[in-house]
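Architecture and fold: a report
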Amino acid sequence: MRTPQTRIGRLALGTAAALLTAGAVAAPAAASEGVSDDKQSKGNHQLSVSPTSGPAGTTVTVRATCEPAGGAASEALRQPIHLKRNDNNQWVGTGQIKREGLRTGQSYPIRVTCVNGNQQTGSFTVTATPSGGASAGFGGSQDGGGYATALAVGGGIAVAGAVGYAFTARRRAAGNHYY
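Rules behind the numbers
- In this numbering scheme, every chain counts its residues from 1 along its sequence in written order.
- Side-chain atom pairs in this predicted model are given and counted only at pLDDT of 80 or more, local residue features only at pLDDT of at least 70, and totals for whole chains, interfaces and linings cover all residues.
- In computing side-chain properties, one takes all heavy atoms of the structure into account and sets aside hydrogens as well as water.
- Every helix listed is a DSSP run of H or I at least four residues long, and every strand listed is a run of E at least two residues long, numbered separately from the N terminus.
- Between buried and exposed lies partly exposed: a residue is buried under 20% and exposed over 50% of the maximum accessible area for its type, with that area taken using a 1.4 Å probe on protein chains only.
- Contacts are assigned to residue pairs with any non-hydrogen atoms lying within 4.5 Å of each other.
- Surface accessibility follows the Shrake-Rupley procedure with a 1.4 Å probe radius. Residue values consider only the protein chains on display as shielding.
- Whether two strands pair depends on DSSP finding at least two bridges between them.
- Between the first and last residue of a helix there are one fewer steps than residues, each counted as 1.5 Å, and that sum is the expected span.
- The disulfide criterion is simple: two cysteine sulfur atoms within 2.5 Å.
- Definition of a polar contact: a pair of N or O atoms within 3.5 Å, with one able to donate and the other able to accept a hydrogen when the atoms are protein atoms, and with sequence-neighbouring residues admitted only if both atoms are side-chain atoms.
- In this text, buried Ala, Val, Leu, Ile, Met, Phe, Trp, Tyr and Cys residues form a nonpolar core when linked through side-chain atoms within 4.5 Å.

**Quick look at the overall build of the chain**
Of the regular secondary structure elements, the chain holds 2 helices and 8 strands. Each helix (α) and strand (β) of the chain, taken in turn from the N terminus, gives the series α-β-β-β-β-β-β-β-β-α. Considering the chain as a whole, with its 179 residues, one finds that 18% of them fall into the buried category. Sequence separation of at least 24 residues holds for 52% of the intrachain contacts in the chain that already meet a minimum separation of 6. Accessible surface for the chain amounts to roughly 12900 Å². Of this, 55% is attributable to carbon and sulfur atoms.

**Re the pairing of strand β7 (residues 107–113)**
Residues of β7 alternate between two faces, with Tyr108, Ile110 and Val112 buried on one and Ser107, Pro109, Arg111 and Thr113 left unburied on the opposite face. In the sheet, β7 pairs with strand β8 (residues 119–126) via 7 bridges, with the strands oriented antiparallel. By the bridge assignment for β8, Ser107 is matched with Thr125. Where β7 folds back on β8, the antiparallel hairpin that results is connected by 5 residues, among which Gly117 adopts a positive phi of roughly 100 degrees.

**A few points about helix α2 (residues 148–174)**
Here α2 is 27 residues long and its end C-alpha atoms lie 39 Å apart, about the 39 Å a rise of 1.5 Å per residue gives. Directly beyond the C-terminal end of α2, a positive phi value near 80 degrees is found at Gly175.

**Some points on the state of the cysteines**
Throughout the structure, instances matching the rule amount to 1 disulfide. The disulfide partner of Cys66 is Cys114, and the gap between their sulfur atoms is 1.8 Å. Between Cys66 and Cys114, the disulfide has an S-S torsion of -70 degrees and is therefore left-handed. Here the residue Cys66 occupies a position in the loop between β4 (59–64) and β5 (84–85), and Cys114 occupies one in the loop between β7 and β8, the gap between them amounting to 48 residues. Note on Cys66: relative accessible area 10%, which makes it buried.

**Topic: the environment of Val92**
Take Val92: it is sitting in strand β6 (residues 91–96). Remark: the alpha-carbon pair of Val92 and His82, spanning 10 residues in sequence, is separated by 8.0 Å. Other than its neighbours up to four places away in sequence, Val92 contacts Thr61, Val62, Arg63, His82, Leu83, Lys84 and Asn86.

**Focus on the side chain of Gln120**
Relative to the assigned elements, Gln120 resides in strand β8. Residue classification places Gln120 among the buried positions, given a relative accessible area of 0%. In terms of polar contacts, Gln120 uses its side chain to reach the side chain of Thr65, at 2.7 Å.

**A short note on the nonpolar core**
Residues Val60, Val62, Ile81, Leu83, Ile97 and Ile110 are the most contacted members of the largest nonpolar core, which totals 18 residues. At the level of secondary structure, the elements contributing two or more residues to this core comprise β4, β7 and β8. With residues up to four places along the chain from it excluded, the contact list for Val60 reads Val49, Ser50, Pro51, Leu77, Ile81, Gly93, Thr94, Gly95, Ile97 and Phe124.

Keep in mind these values describe shape, not function.
Right under this line is the structure:
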């Protein structure tokens, strides 16, 4: 039987953990709000680019926090992205990364010039285009072998588990639980 002190102690520990978790979640949000206010007053904004990397031909979404004087431009884009105002007071547009003429591994800046003269900048990094499927396990092989040992070990573990289950079930049925 548990004593009341341990229950109270566990309740206090759980409450403290919940408060620390809430503080850990709220602190970065409060800090980022303060940073964005400072950035707005200085005119130094980040342009949000999503996704920030991918193969040539990727469709990207660009978000600006200022009214753009033109579209989002970059040598990586097929054409400048026209931005429209959304409900969150952001300017959003979608465009496509070029399919040719870009270097894999290179990061390309994407810029928006605001009506007030400030610039917002983000970037997109070109990655290699994946080819073929991901290696995810034993799958088939062209030479037909190489997995015999691994499959034998896995089969042995499965058989041992089945024998252990049968032994435990038989012992319980007999009512002999203590040896």
